[in-house]
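# A closer look at the structure
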Amino acid sequence: MQTRPYNFSAGPAAMPDDVLRQAAAEMLDWHGSGMSVMEMSHRGVHFGRIIEQAETDLRELLGVPADYHVLFMQGGALAENAIVPLNLSRAAKADYVVTGAWSQKSQLEARKYCDVHLAAQVDASHGYDRIPPLHTWQPRPDAQYLHYCANETIDGVEFHDVPGRFGLPLVADMSSTILSRPVDVAAHTCIYAGAQKNIGPAGLTLVIVHRDAVGHAIPACPSAFDYAVAARNGSMYNTPPTYAIYIAGLVFQWLKRQTEGSLQGIAAIAERNRKKAELLYRCIDASALYYNRVAKPDRSRMNVPFFLRDETLNEAFLQGAQSRGLLQLKGHKSVGGMRASIYNAMPLAGVQALVDYMQAFERDH
Ligand SMILES: *Cc1c(COP(=O)(O)O)cnc(C)c1O
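Residues numbered from 1 in each chain as written. Predicted model: local features only at pLDDT ≥ 70, side-chain atom pairs only at ≥ 80, totals over all residues. Heavy atoms only, no water.

The name recorded for the protein chain in an unreviewed UniProt entry is Phosphoserine aminotransferase, from Thiomonas delicata. As recorded by UniProt, the Sequence similarities (unreviewed entry) comment attached to the protein chain reads in full: "Belongs to the class-V pyridoxal-phosphate-dependent aminotransferase family. SerC subfamily." Database annotation for the protein chain, UniProt heading Function (unreviewed entry): "Catalyzes the reversible conversion of 3-phosphohydroxypyruvate to phosphoserine and of 3-hydroxy-2-oxo-4-phosphonooxybutanoate to phosphohydroxythreonine." (UniProt positions renumbered as here; feature names shortened; annotations may be inferred.)

This is how it looks when you write it as structure tokens:
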């Protein structure tokens, strides 16, 4: 039963109630240890169990092949924008695809460490609203990797398939789509994700990297950010974000419970997410007041930006939403309008409540 307002924040984003309740119940004493998780040695037996279980569950949920490392790192996806080229570019060539604000940041940061070429980009003068057709991409065959952002959280543009392989190792920022649907891990050399969208508390970064790609960091790479050092030390070269890893582990358990009894695993979650997004886009497309400007095949199932044709109604829309327990719907400042983020923790009933409100608001104005 819903006991709290529905939170549509893009990140840090809503967490499953069950996870927060469990964390609260275990706050003072984790499983009879006499300690809170945040008070435990990261090298002790209790935390060892927590991080091992988290990794096992994540591997199971995403089907991570055995020849990939799962690393629990820090600094969020923006730090990873530097950490990726430090580890994978060999200070040589790296190619990027720009489909929105986040991949634009990624390629700018990478320029500090390597020779960056944009294999494809969208003319953003009218906003990022589509993925450039794959046949127009022109990656360099001798690039060390091809980087893309699987879901542009700000612009609401999502890759629904892994972009063709182009014969290059693929690197993906999956911060806002990881665990929302199945992913072909083996098609990538490296996947990274900040935790605060679909996984847990901000600060934790998940990195899934092929073992052959590890061990080639440029000499200036900080030891704490070197994938080889992190892998060799089981993500404990320095103190990892222990509490965030614990919460992430509870989210993985929650996801496994959601898919219990279904052989589909994360595909069942994906189906639920598809239904949620369809409900909201259908409301927007049927309306004379609201619109979304992203090309239909490239629309995000996690972040749905939309605008009111009469922008003078924006404040009234947000206030009405707030008073009905529909929180954090204001769009990103660079895009304006509204944005509803509907990650795994948002139930269909929350999207239905939003749609009901949007339709009532349109009738009243
Ligand atoms: C939120 C987000 C980021 C930034 O994450 P930080 O944790 O703030 O560094 C980068 N990329 C994508 C796709 C995101 O959604």
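To continue, consider the overall build of the protein chain. When its secondary structure is counted, the protein chain shows 9 helices and 14 strands. Relative to its length of 365 residues, the protein chain is compact, with a C-alpha radius of gyration of 21 Å against a globular reference of 21 Å. Seen through its principal axes, the protein chain has C-alpha atoms that stretch 60 × 55 × 35 Å. In the protein chain, buried positions account for 55% of the 365 residues. Taking the contacts inside the protein chain whose residues are at least 6 apart along the sequence as the reference set, 66% of them involve residues at least 24 apart. Accessible surface computed for the protein chain: about 15,600 Å², of which carbon and sulfur atoms make up 52%. In the protein chain, the 34 positive side-chain charges and the 36 negative ones have mean positions that sit 1 Å from each other. (Helix = DSSP H or I, 4+ residues; strand = E, 2+ residues; numbered from the N terminus. Rg over C-alpha atoms; globule rule 2.2 N^0.38 Å. Buried < 20%, exposed > 50% of the residue type's maximum accessible area, 1.4 Å probe, protein only. Contact = heavy atoms within 4.5 Å. Areas by Shrake-Rupley, 256 points an atom, 1.4 Å probe, with all protein chains shown as cover. Lys, Arg positive; Asp, Glu negative; His and termini not counted. Charge placed at Lys NZ, Arg CZ, Asp CG, Glu CD.)

Bringing the environment of W254 into the picture now. Mapping W254 onto the fold places it in helix 6 (residues 242–258). Distance in space between the C-alpha atoms of W254 and D18 is 7.7 Å, their sequence separation being 236 residues. Once residues within four sequence positions are removed from consideration, W254 is found in contact with P16, D18, V19, R272, N344 and A345.

A few words now on the pattern of salt bridges. It is possible for side chains bearing opposite charge to pair when their charged atoms get close. Summed over all chains, the structure comprises 18 salt bridges. Notably, a salt bridge pairs R21 with D17, separated by 3.8 Å at the nearest N-O pair. With a gap of 4 residues between them, R21 and D17 both fall in helix 1 (residues 17–25), about one helical turn apart. The partly exposed category is assigned to R21, whose relative accessible area is 44%. Its relative accessible area of 17% is what places D17 among the buried residues. Across the pair R140 and D95 runs a salt bridge, and its minimum N-O distance is 2.9 Å. (Salt bridge = Lys/Arg side-chain N within 4 Å of Asp/Glu carboxyl O.)

Another point: the environment of P139. Checked against the element boundaries, P139 lands in the loop between strand 4 (115–121) and strand 5 (146–149). Separated by 27 residues in sequence, P139 and F166 place their C-alpha atoms 7.6 Å apart. Ignoring any residue separated from it by four or fewer positions in sequence, one finds P139 in contact with D95, A119, L146, F166 and L168.

Time to look at the site of the ligand. The environment of the ligand is formed by G76, A77, L78, W102, C149, N151, T153, D173, S175, S176, Q196 and K197. The contact in question runs from an oxygen atom of the ligand to an N or O atom on the backbone of L78, over 2.8 Å. Here Q196 contributes a side-chain N or O atom positioned 2.8 Å from an oxygen atom of the ligand. Notes on the ligand: free accessible area 390 Å², of which the protein chains cover 86%. Under a 2 Å grid-point criterion requiring more than half of the atoms, the pocket assigned to the ligand is the second largest pocket. The element contributing the most residues to the shell around the ligand is helix 3 (residues 76–88), with 3 residues. Among the residues making up the shell around the ligand, the classes are represented as 4 nonpolar, 6 polar and 2 charged. (Near = heavy atom within 4 Å. Polar contact = N/O pair within 3.5 Å; in protein donor to acceptor, adjacent residues only side chain to side chain. 1 Å grid on protein atoms, 1.4 Å probe; cavity = no way out; pocket = protein on both sides within 12 Å on 5 of 7 lines; lining within 4 Å. Sits in = over half its atoms within 2 Å of the grid points. Nonpolar A, V, L, I, M, F, W, Y, C, P; charged D, E, K, R; others polar.)

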